[in-house]
Amino acid sequence: MDLGGDGDLKIIADELSFDQKKEIVHAKGNVKITYGDTTLKTDLLSYNRAEGRATTHGSFIINDTFGVIKGDGLEYNFQNNTGSFLNSEIFIKEDNYYITGDKIERRGKKEFFIKRGYFTTCDADNPSWTIGASNVDIEIGEYVFSDHAVVYVKNVPLFYFPKLAFPIKTSR
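Small disclaimer: the values here were computed from a predicted structure and weren't measured.

Draft legend 1. Just the nonpolar core, in detail. With 37 residues, the main nonpolar core has Leu40 and Ile138 as its most contacted residues. Setting aside residues up to four positions removed in sequence, leucine 40 forms contacts with Val31, Lys32, Ile33, Leu45, Ala54, Thr56, Phe60, Ile61, Ile62, Leu74 and Phe78.

Draft legend 2. Just unusual backbone geometry, in detail. Positioned with a positive phi, asparagine 81 is a non-glycine residue whose angle comes to about 55°. Looking at where asparagine 81 falls in the secondary structure, it is placed in the loop between β8 (73-77) and β9 (82-92). One non-glycine residue with positive phi stands out, namely asparagine 87, at about 45°. For asparagine 87, the position within the fold is in strand β9.

Draft legend 3. How the structure looks around the pairing of strand β2 (residues 15-19). Relative to strand β3 (residues 24-35), β2 runs antiparallel, the two sharing five bridges. Across the sheet, the residue bridging to aspartate 19 is isoleucine 24, located in β3. The antiparallel hairpin formed by β2 and β3 contains four residues in its connecting segment, where glutamate 23 sits at a positive phi of about 55°.

Draft legend 4. Representation of the pattern of salt bridges within the structure. The final tally for this structure, using the stated rule, is eight salt bridges. Between glutamate 75 and arginine 53 there is a salt bridge, with its nearest N and O atoms 3.9 Å apart. Here arginine 53 lies in strand β5 (residues 53-56) and glutamate 75 lies in strand β8, a separation of 22 residues in the sequence. Residue glutamate 75 is classed as partly exposed on the basis of its relative accessible area, which comes to 38%. In this structure, the salt-bridge partner of arginine 107 is glutamate 105, at a minimum N-O distance of 3.2 Å. Taking relative accessible area as the criterion, glutamate 105 reaches 24% and is therefore assigned partly exposed. Here the salt bridges do not stand alone but share partners, grouping Glu51, Arg53 and Glu75 into one network.

Draft legend 5. Geometry of the packing of aromatic side chains. Enumeration over the complete set of coordinates arrives at twelve aromatic pairs. Seen from their ring centres, tyrosine 97 and phenylalanine 119 are 5.5 Å apart, and the 35° between their planes marks the pair as tilted. Separated by 22 residues along the polypeptide, tyrosine 97 in strand β10 (residues 97-108) and phenylalanine 119 in strand β11 (residues 111-120) bring together distant segments of the chain. Residue classification places tyrosine 97 among the buried residues on the basis of a relative accessible area of 4%. Ring centres 6.3 Å apart and planes at 40° place the aromatic pair phenylalanine 159 and phenylalanine 161 in the tilted group. By relative accessible area, which is 49% here, phenylalanine 159 ends up partly exposed.

Parameters at a glance
- Residues numbered from 1 in each chain as written.
- Predicted model: local features only at pLDDT ≥ 70, side-chain atom pairs only at ≥ 80, totals over all residues.
- Heavy atoms only, no water.
- Core = buried A, V, L, I, M, F, W, Y, C linked by side-chain atoms within 4.5 Å.
- Buried < 20%, exposed > 50% of the residue type's maximum accessible area, 1.4 Å probe, protein only.
- Contact = heavy atoms within 4.5 Å.
- Helix = DSSP H or I, 4+ residues; strand = E, 2+ residues; numbered from the N terminus.
- Pairing = 2+ DSSP bridges.
- Salt bridge = Lys/Arg side-chain N within 4 Å of Asp/Glu carboxyl O.
- Phe/Tyr/Trp six-rings, centres within 6.5 Å; stacked < 30°, edge-to-face > 60°.

Below, the structure written as structure tokens:
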């Protein structure tokens, strides 16, 4: 289904229906949305054309030039790259960042807020280090600000910080 009025947004699925009154597309089975360089895959989705907002009802994966986001549910606005993700993992290609959280909000292309989450740059399934925190604000290429942060080395908690801020820049 090509939603002509939404720029280059396209929805492909096994089953599609459209509620004209509410301007909502319902998609079921092998759902794939593409919008520019962003691709969203899931099994069950509602897309509000008026708001440019997609809501999944189950697991999803988003790929774009920035990275990969996967999780158990989302509300995502394709027009401004913002949204919230439940029980999610994010991999940011540019600087090899791994972020996990109970709830992650994407507040812009490179801005995230994580509720009860973890952050690392290690590739391994069991990373050498992670930082876990109750709340984390991240601006990729700038800084991380966190509340109640614990630094783990090989899953062993070493340091606790009521507040922790540090740069995540690759250049000085």
